[in-house]
Amino acid sequence: MTLEATSPSANYGTTASGSSFYAAMRILPRDQREAMFQIYSFCRQVDDIADSDGPRDQRLAALQQWRDDVDALYQGRPPARLADYVASVKTFGLKREDFLAIIDGMEMDVPQDIRAPDMATLDLYCDRVASAVGRLSVRVFGMPEEDGVLLAHHLGRALQLTNILRDIDEDATLGRLYLPREALLHAGITSNDPNRVIAERALPKVCLPLAQRAQAHFEKADEIMARNRRRAVRAPRIMSKYYHAILDLLLERGFAAPRRPVRVSKPARIAILFRYALF
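These remarks concern the structure in this document. Everything quoted here is computed from the prediction, not taken from an experiment. (Residues numbered from 1 in each chain as written. Predicted model: local features only at pLDDT ≥ 70, side-chain atom pairs only at ≥ 80, totals over all residues. Heavy atoms only, no water.)

### Describing the packing of aromatic side chains
Evaluated as defined, the whole model comprises five aromatic pairs. For the pair Tyr-74 and Phe-99, a centre-to-centre distance of 6.5 Å together with 55° between the ring planes defines the contact as tilted. Pair noted here: Tyr-74 is in helix α4 (residues 56-74) and Phe-99 is in helix α6 (residues 96-107), with a separation of 25 residues, a long-range link. Taking the relative accessible area as the measure of exposure, Phe-99 reaches 2% and is therefore buried. Judged by centre distance (5.6 Å) and plane angle (75°), the rings of Tyr-242 and Tyr-243 are edge-to-face. Judged by its relative accessible area of 9%, Tyr-242 is buried. Given a relative accessible area of 6%, Tyr-243 falls into the buried group. Connected via pairs of aromatic rings, a cluster forms that spans Phe-42, Trp-66, Tyr-74 and Phe-99. Stacked on the ring of Trp-66, the Lys or Arg Arg-81 has its end atom at 3.6 Å from the ring centre. (Phe/Tyr/Trp six-rings, centres within 6.5 Å; stacked < 30°, edge-to-face > 60°. Helix = DSSP H or I, 4+ residues; strand = E, 2+ residues; numbered from the N terminus. Buried < 20%, exposed > 50% of the residue type's maximum accessible area, 1.4 Å probe, protein only. Lys NZ or Arg CZ within 6 Å of the ring centre and 35° of its normal.)

Encoded structure:
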C-alpha cells in the first residue's frame, strides 16, 4: 500500500502534511480532524512495517504486536502509542475489527510479495488496506451506517485501484505486482515476474479494464455522497475528486512503456479543495 507522507510522529498533522489526505482532513472540526490523523498515523506505521526491508519474521512479529496493542486498547488497557486513541474510539464508535483488518491487509505483502493475485484476493486486499480505513473514517465523518459502509466499500476500492495503476513501476522495484492474474492471462501474459510484466506490450489490455473497474467504483461513491449531507461527505469528496483526477491523467497518458509519472498539478489541487471544501 502506498501512503503519501513521511514517517509517523505524535504530530499527526505534520505526519500527513503535504499529502492529499492532509488537504482533505484539515477542513474538519478539531475532534474529527484529530481522529482522522490518528487513523492515518496507525495506517502509516503498520504500512511502514510491511514495506520495510527487514527480515520477514521480524515484520510479522511487529505486526502481531500491533494486533496485541489494538486488543489491549479495546480491553481498556491502551499501550502508550495508542493512549490518544481512547477518546476517538469512544466518541466515534471506531471498531476493533477495522483496525485489525488493516493490519491483516498490510500483512498480505509480508510472508511473500504479492504477485499477480487472483481477482478475489486483490479485492480482499483492497477491502483490508483501503475500505477498512474508509469504514473507520465514515464513522468519524458522521455518516449513516448503511451508506457509510457502502461509501467505504466503493471509494476505498476506487482509490486503491487507482494507486495500483499509478504505482505499477514503483511496485515492480519492490518485487510486487498487484495486477490480477485473470486479466494478465486474458492479455496473453503468463509471467508473474513484475519486471517482465511491466515491459509487456500487452500491458494496456490489463490496465484499462482495471481502470474501468475503478471508474465504476468512483461513480457508485458519487451516488452515495450525493444523497448525504454535504458536511458529512466534504472530506471523502475531496479525496474522491483528487484520485479521480489521477485516474484521468493515467488514462490520458496510457499504460504503454515508457510510462512517465503522473501528478495532479498544484492549481488543480487547489481548485478541488476550494470547490468542495468551501461550497
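### Some words on the packing of α4 against α6
The interhelical angle for the contact between α4 and α6, taken along N-to-C directions, is 180°, at an axis separation of 10 Å. What the angle tells us is that α4 and α6 run roughly antiparallel. Counting all contacts with α4, which are made through Leu-60, Leu-63, Trp-66, Arg-67, Val-70, Asp-71 and Tyr-74, the residues of α6 involved are Arg-96, Phe-99, Leu-100, Ile-103, Asp-104 and Glu-107. Per-class residue counts for the contact of α4 with α6 are eight nonpolar, no polar and five charged. (Axes fitted to C-alpha atoms, helices over the stretch in contact; angles between N-to-C directions. Parallel < 35°, antiparallel > 145°, perpendicular 65-115°, else oblique. Contact = heavy atoms within 4.5 Å. Nonpolar A, V, L, I, M, F, W, Y, C, P; charged D, E, K, R; others polar.)

### What about α4?
Under the 1.5 Å per step criterion, the end-to-end length of α4 is 28 Å for 19 residues, consistent within 8% with the ideal 27 Å. Buried within α4 are the following residues: Arg-59, Leu-63, Trp-66, Arg-67, Asp-69, Val-70, Ala-72 and Leu-73. Buried residues along α4 sit against α3 (30-51), α5 (85-92) and α6. After α4 finishes, the residue Gly-76 shows a positive phi value of roughly 85°. (Expected span 1.5 Å × (residues − 1).)

### Concerning the environment of Ile-238
Take Ile-238: it is sitting in helix α13 (residues 230-253). Ile-238 sits in the buried class, given a relative accessible area of 4%. Between the C-alpha atoms of Ile-238 and Leu-159, which are 79 residues apart in sequence, the distance is 12 Å. Other than its neighbours up to four places away in sequence, Ile-238 contacts Ala-24, Ile-27, Ile-272, Leu-273, Tyr-276 and Ala-277.

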